[in-house]
Amino acid sequence: ANTYLRMIKAVCFVYFPFMMLLVGLARPLVIIMLTEKWEDSIILLQILSFVTIWGPLSALNGNILQVKGRSDLFLKLDLKKKAVGLAFTLCTLPFGLIAFCVGCAVSQLYVVYVNLKCVGEVVPLSLKKQMIEMKNIFLLSAVMLAVLLTFNWFVSNYWIQLFVGGTLGVSVYILLAYLLKMEEIHEKFFSGIEKIKSLFNFEWKFPDLKMPHFSISGSFSLNPPSVPSIGVQWYAKGAVLNAPTLF
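Please read these numbers as outputs of a predicted model, since none were measured by experiment.

## A look at the overall build of the chain
Secondary structure assignment for the chain yields nine helices and four strands. When its helices and strands are written in sequence order, the chain yields α-α-α-α-α-α-α-α-α-β-β-β-β. Counting across all 247 residues of the chain, residues that qualify as buried make up 30%. Taking contacts inside the chain between residues at least 6 apart in sequence as the whole, the part at least 24 apart equals 65%. Just so you have it, the chain exposes about 16900 Å², and 68% of that area is on carbon and sulfur atoms.

Structure (structure tokens):
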């Protein structure tokens, strides 16, 4: 149960903020990449991002059922998911694309709920415990989204929104996770930094080259006339070969 819970938290810790970031950056992404002609699709991208946020979690739960040998539950869950998705599609599609996307979001939430409930029957982990563990990460991602949207509200340049706003959102998420002492920030973020540092963990130094040594002797004088002499001493062994030589 603890291993399964850690897997859920690891998936949510990475995927939740990523999709929330896509929700917050949907406008600058669409305007920059597709121009303002596609502005009406921004709301669709934001809704579908919220739908997709639960995808890896559903896939993980399905894999757990198969590993535990409960293919019956997996089949029942898959059939229920298809039936619910079809029902929401038929009910919402006549009202337009926005209603259809909202229906997809609602059906996905229902599927996730049923997924967690079914896995709770196989793994000794209550649905309430799973929801509590995901709630903290979801709220942290929501705070990051709120900061990002607030920043974009005051900034009109889409390039600044994309790069500066995106960097700000990620920084806020990592900082809050660190302040709240979430174990995922140490397992995923700092361990990743250590791995990157280990790739560059080598020593280097300049080659030990034999440089010549210059010396100046004598002095400059007009009476009697004299000039300083410069000497060069090479701190290296060498030879001049004036005939074929075998070493």
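## Describing the pattern of salt bridges
Per the stated rule, a full pass over the model turns up three salt bridges. Salt bridges sharing partners connect three or more residues here, namely Asp-78, Lys-81 and Lys-82.

## Looking at helix 2 (residues 26-34)
Think of an α-helix as turning once every 3.6 residues; residues three or four places apart then point the same way. Listed as buried for helix 2 are Ala-26, Pro-28, Val-30 and Ile-31. As for helix 2, its buried residues are in contact with helix 1 (2-24), helix 3 (42-52) and helix 8 (158-179). One or two residues past the end of helix 2 sits Thr-35, with phi positive at roughly 70°.

## Considerations on unusual backbone geometry
Phi angles above zero are rare outside glycine, and Thr-35 is one such case at about 70°. Considering the arrangement of structural elements, one finds Thr-35 in the loop between helix 2 and helix 3.

## Observations concerning helix 1
The end-to-end C-alpha distance of helix 1 is 33 Å, a good match for the 33 Å that 23 residues give at a rise of 1.5 Å each. Where helix 1 bends most, the angle comes to about 25°, and this point is Cys-12.

## Re the nonpolar core
Ranked by internal contacts, the top residues of the largest apolar core, which has 35 residues, are Tyr-4, Ile-8, Cys-12, Phe-13, Leu-57 and Ile-137. With nine residues, the single largest contributor to this core is helix 1.

## Regarding the confidence of the model for the chain
The predicted model of the chain has a mean per-residue pLDDT of 79, with 76% of residues at 70 or higher. The weakest mean pLDDT in the chain belongs to helix 9 (residues 183-199) at 63; the strongest belongs to helix 2 at 92.

## A word on the packing of aromatic side chains
To describe a pair of aromatic rings, you give the distance between the ring centres and the angle between the ring planes. Inspection of every chain in the model, using the stated rule, returns four aromatic pairs. Here the aromatic rings of Phe-13 and Tyr-173 are separated by 5.3 Å at their centres, their planes lie at 45°, and the arrangement is tilted. Of this pair, Phe-13 sits in helix 1 while Tyr-173 sits in helix 8, and the two are 160 residues apart along the sequence. Judged by relative accessible area, which is 5%, Tyr-173 ranks as buried. Aromatic pair Tyr-15 and Phe-18: ring centres 6.4 Å apart, planes at 35°, arrangement tilted. Taken together, the positions of Tyr-15 and Phe-18, both in helix 1 and three residues apart, correspond to about one turn of that helix.

## A look at the environment of Ala-10
The residue Ala-10 is located in helix 1 in this model. With relative accessibility at 15%, the residue Ala-10 sits in the buried group. Between the C-alpha atom of Ala-10 and that of Ile-185, which follows or precedes it by 175 residues, the distance is 9.4 Å.

## Some points on the environment of Ser-156
Here Ser-156 lies in the loop between helix 7 (127-154) and helix 8. On the accessibility criterion, Ser-156 (66% relative accessible area) is exposed. Counting along the chain gives 128 residues from Ser-156 to Pro-28, while the straight-line C-alpha distance between them is 9.7 Å.

What counts as what
Residues numbered from 1 in each chain as written. Predicted model: local features only at pLDDT ≥ 70, side-chain atom pairs only at ≥ 80, totals over all residues. Heavy atoms only, no water. Helix = DSSP H or I, 4+ residues; strand = E, 2+ residues; numbered from the N terminus. Buried < 20%, exposed > 50% of the residue type's maximum accessible area, 1.4 Å probe, protein only. Contact = heavy atoms within 4.5 Å. Areas by Shrake-Rupley, 256 points an atom, 1.4 Å probe, with all protein chains shown as cover. Salt bridge = Lys/Arg side-chain N within 4 Å of Asp/Glu carboxyl O. Expected span 1.5 Å × (residues − 1). Bend = angle between axes of the 7 residues up to and from the residue. Core = buried A, V, L, I, M, F, W, Y, C linked by side-chain atoms within 4.5 Å. pLDDT = per-residue confidence, 0-100. Phe/Tyr/Trp six-rings, centres within 6.5 Å; stacked < 30°, edge-to-face > 60°.

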